[in-house]
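Descriptive analysis of the structure
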Amino acid sequence: MTATAHDAIRQQVGKIVEGIHAKDLDALRRIYAADVVSFDVEPPLQHVGVEAKLKNWARAFTFFAEVAYEVRDLTLTVGDEVAFGHCFGRLSGTLGDGTATNGMWVRATFGFRKIEEDWLIVHDQASVPFDMPSGRGVVDLEP
C-alpha cells in the first residue's frame, strides 16, 4: 500500500487526539463508521454503532474540565480497503474539581475500512492487563 494510505490513517488517529482535546463529538463522529463496534474499557462488553461510541466519549468528557489524549508507538498494517493498527493511548487532563490527573495507559487497537474515500474506524478496543490472582486491572503501567 502506498505511503499515502498510511499517512491518511495516521491523520485520522491525529483527528482522534484533536477531537478529544476539543471535546468535539462532531469531529469524532466523522472518524467512525456508522456501524462501529467498540470494545471499550467500561461496560458493557461491546458498544455497537457510532451513537454508542459517542455516548462513551460524552460520558468521559463529563469528568474533565480539560482533557488530552496521547498516542505512542502507533503501528499500522494497511491493505487496499482494510487496515489495522495498535498503539498505547492515555487519556489525561484536569478533572472538573481542578485535580490534575496523568490518567492511565491503555492498549488500543483500531480496525479501519476505506469507505468511499475515507479511512473510518469500524472496530476499536481499549484494554489494560489484569492481575490474575486478584482479577483486577493493572492501571499503573507505562510504555
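One structure accompanies this document, and this report is about it. For clarity, every value in this text was computed on a predicted model and none was experimentally measured.

About the thresholds
Each chain carries its own residue numbering, running from 1 in the written order of its sequence. Given that this is a predicted model, residues contribute local features only at a pLDDT of at least 70 and side-chain atom pairs are listed and counted only at 80 or more, while totals for whole chains, interfaces and linings are drawn from all residues. Heavy atoms throughout the structure, all of them, feed into the side-chain values; hydrogens and water do not. Of the grid points, spaced at 1 Å and generated over the protein atoms alone, those admitting a 1.4 Å probe that cannot get out make up cavities, while open sets with protein on both sides within 12 Å along at least five of seven lines make up pockets; any residue with an atom within 4 Å of a point is treated as lining. Grid points are joined across faces, edges and corners, and a volume is the space filled by probe spheres set on the points. Numbering of helices and strands runs from the N terminus, with a helix taken as a DSSP run of H or I at least four residues long and a strand as a DSSP run of E at least two residues long. In this classification, the charged set is Asp, Glu, Lys and Arg, the nonpolar set is Ala, Val, Leu, Ile, Met, Phe, Trp, Tyr, Cys and Pro, and all remaining amino acids, among them Gly, are polar. The pairing test for Phe, Tyr and Trp rings, Trp by its six-membered ring, is centres within 6.5 Å, and the orientation test on the planes gives stacked under 30 degrees, edge-to-face over 60, and tilted for anything in between. Buried residues are those whose accessible area, probed at 1.4 Å on protein chains only, stays under 20% of the maximum for their type, while exposed residues exceed 50% and partly exposed ones sit between those limits. In what follows, a contact means two residues having at least one pair of non-hydrogen atoms within 4.5 Å. When DSSP finds two or more bridges between a pair of strands, those strands are recorded as paired.

**With respect to the layout of surface pockets**
- One number sums up the size of the largest pocket: a volume of about 590 Å³.
- Around the largest pocket, the lining is made up of 27 residues, and of these Asp-40, Val-41, Trp-57, Ala-60 and Leu-91 lie nearest the centre.
- Among the elements of the structure, β1 (32-39), α3 (50-61), β3 (64-78), β4 (82-95), β5 (100-115) and β6 (118-127) are those that each provide at least two residues to the lining of the largest pocket.
- With seven residues, β5 is the single largest residue contributor to the lining of the largest pocket.
- Considered class by class, the residues forming the lining of the largest pocket number 15 nonpolar, seven polar and five charged.

**Quick look at the packing of aromatic side chains**
- Taken as a whole and assessed by the stated rule, the structure comprises three aromatic pairs.
- Consider the rings of Trp-57 and Phe-61, whose centres lie 5.9 Å apart with planes at 25°: the pair is stacked. Of this pair, Trp-57 and Phe-61 both sit in helix α3, four residues apart, which is roughly one turn of the helix. Here the two residues Trp-57 and Phe-61 agree in accessibility, since each one is buried.
- Note on Trp-57 and Tyr-69: the rings are 6.5 Å apart at their centroids and 80° apart in plane angle, and the pair reads as edge-to-face. Here Tyr-69 lies in strand β3 and Trp-57 lies in helix α3, a separation of 12 residues in the sequence. Of the two residues, Trp-57 and Tyr-69, neither departs from the other in class, the shared state being buried.
- In textbook terms, an aromatic cluster arises when at least three aromatic residues are bridged by ring pairs, as seen for Trp-57, Phe-61 and Tyr-69.

**Considering the environment of Val-139**
- One can find Val-139 in the segment after β8 (136-137).
- Separated by 12 residues in sequence, Val-139 and Ser-127 place their C-alpha atoms 9.7 Å apart.
- Once residues lying within four places of it in the same chain are set aside, the contact partners of Val-139 are Met-104 and Val-128.

**Examining the pairing of β5**
- As judged from the 12 bridges shared by β4 and β5, these two strands associate in the antiparallel manner. Considered in β5, the bridge of Thr-94 is made with Ala-100.
- One ladder, built from nine bridges, connects β5 with β6; its direction is antiparallel. The partner of Lys-114 across the bridge, within β6, is Trp-119.
- In textbook terms, the turn of a hairpin is the stretch between consecutive antiparallel strands, and for β5 and β6 this stretch comprises two residues, one of which, Glu-116, has a positive phi near 55°.

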